[in-house]
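Each chain, written out:
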Amino acid sequence: MAVDFTQEIRDLRATMDSVREVTDLARLEAQITELETQASQPDLWDDQERAQVVTSNLSRAKSEYDRVTGMDQRVEDLEVLVEMGTEENDQATLDEAARELEALRRDVGELEVRTLLSGEYDERAAVITIRAGAGGVDAADFAEMLMRMYLRWAERHGYPTKVMDTSYAEEAGLKSATFEVDVPYAFGHLSVEGGTHRLVRISPFDNQGRRQTSFAAVEVIPLIESTDSIEIPENEIKVDVFRSSGPGGQSVNTTDSAVRMTHLPTGIVVSMQNEKSQIQNRAAALRVLQSRLLLMKQAEEAAAKKEMAGDVKASWGDQMRSYVLHPYQMVKDLRTEYEVGNTSAVFDGDIDGFLEAGIRWRRNAEKTAAREG
């Protein structure tokens, strides 16, 4: 079927118009100019913390500006390519234009989704914790499957990850695991994954081959930055040290370098064992604890606003996705209705469709709440 390049390019331009409007390129240009002025100050690095904030913000603003203007240029180039192919009746050029159109549809769609990430912490790196729920050994195995799914997703995109803590189950799988995806906007993208995930399958651990339903909880928090003001008094923290352990309880480390940090007022517990020293594990645990407290504070503020508005709806994050491997194959998001029949691809990290649908769903929910409020 022939491609209607005229309509497709018109649609791309319309999407880019809305992207530019949300991004506000004029504001971004002014921000870049101001940050470049600050970065050129000879005494900038006298205050290293401030210098890192300035250079990081400058890099991020330039990257955002280049991403939008670069996409505009690609749409222009596509139009030229189509004109050349049409005027010269060159099918090879038109085929090349069709391939670029397909890539542009995907990339402009991703850019549009990025503009929807405007939450306070959306541009942060993310810390993901997965915990096995009800379902025994199947749940532990499911937790490990989910961890691999997210790590494969990051790998597909070239995003750096770092496993911070793993607690192995006795027979198979994981009791819990915590890892970091260290790239801008990781939290914005992955925060829609928070909630309860459900797996239905014939259990590979049941010698009678019965169908088993198991659950795992996914928690996504933004990574704390040094500029965030979350101070935790020493007397509110209890620190236990222990020896790191691997699968089946085997000792990984011959010293007590692993750290379990408990925040006494809230009961939040963070374990870290993947750094080389106790000091490094303690620092990593403190960062994650601060991140969780920051998110808790934000959630409490949001809950207080909802209470004042008389909103008693349940959290959107609970029971958010089903992975069914028997009697049919389907992964379905229960909030967005987005579903995929290729379960193997999903468990191999192909989850961008779910993330995009979740981000769009969340933005629509926010708009509806704002109108009702």
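In this text the structure is predicted, and so the values were computed from the model without any measurement.

### A word on the pattern of salt bridges
Now for step 1: Counting across every chain of the model gives 30 salt bridges.
Now for step 2: For Arg292, the salt bridge is made with Glu219, and the minimal N-O distance between the two is 2.8 Å. Taken as a pair, Arg292 in helix H7 (residues 278-309) and Glu219 in strand E5 (residues 211-222) lie far apart in primary sequence, 73 residues in all.
Now for step 3: The salt bridge involving Arg360 is made with Glu356; its shortest N-O contact spans 3.2 Å. Within this pair, Arg360 and its partner Glu356 are both found in helix H9 (residues 352-372), separated by four residues, close to a single helical turn.
Now for step 4: Looking at Arg360, the relative accessible area reads 26%, which means it is partly exposed.
Now for step 5: With relative accessibility at 30%, the residue Glu356 sits in the partly exposed group.
Now for step 6: Here the residues in one salt-bridge network are Arg148, Arg152, Glu155, Arg156 and Asp348, joined through shared partners.

### Description of the nonpolar core
Now for step 1: The biggest cluster of nonpolar side chains holds 58 residues, and the ones touching the most others in it are Ile128, Ile130, Leu146, Tyr150, Leu190 and Tyr323.
Now for step 2: Looking at which element gives the most residues to this core, the answer is helix H5 (residues 136-157), with nine residues.

### Considerations on the packing of helix H3 (residues 48-87) against helix H4 (residues 91-115)
Now for step 1: With their axes 10 Å apart at the nearest point, H3 and H4 run at an angle of 155° to one another. As summarised for this structure, H3 and H4 are arranged roughly antiparallel, according to the angle between their axes. The two elements H3 and H4 cross, and the hand of that crossing is left-handed. Residues Glu64, Arg67, Val68, Met71, Arg74, Val75, Leu78, Leu81, Val82, Gly85 and Thr86 of H3 pack against Thr93, Leu94, Glu96, Ala97, Glu100, Leu101, Ala103, Leu104, Asp107, Val108, Leu111 and Arg114 of H4.

### As for the pairing of strand E10 (residues 330-333)
Now for step 1: Of the two faces of E10, the one lined by Val331 and Asp333 is fully buried and the one lined by Met330 and Lys332 carries no buried residue.
Now for step 2: Taken together, the two bridges between E10 and strand E11 (residues 339-340) define a ladder with antiparallel strand orientation. If you follow Lys332 over to E11, its bridge partner there is Glu339.
Now for step 3: Taken together, E10 and the strand that follows it, E11, pair antiparallel across an intervening segment of five residues, in which Glu337 is found at a positive phi of about 70°.

Reading guide: rules and limits
Residues numbered from 1 in each chain as written. Predicted model: local features only at pLDDT ≥ 70, side-chain atom pairs only at ≥ 80, totals over all residues. Heavy atoms only, no water. Salt bridge = Lys/Arg side-chain N within 4 Å of Asp/Glu carboxyl O. Helix = DSSP H or I, 4+ residues; strand = E, 2+ residues; numbered from the N terminus. Buried < 20%, exposed > 50% of the residue type's maximum accessible area, 1.4 Å probe, protein only. Core = buried A, V, L, I, M, F, W, Y, C linked by side-chain atoms within 4.5 Å. Axes fitted to C-alpha atoms, helices over the stretch in contact; angles between N-to-C directions. Parallel < 35°, antiparallel > 145°, perpendicular 65-115°, else oblique. Left-handed = near helix turned anticlockwise from the far one by under 90°. Contact = heavy atoms within 4.5 Å. Pairing = 2+ DSSP bridges.

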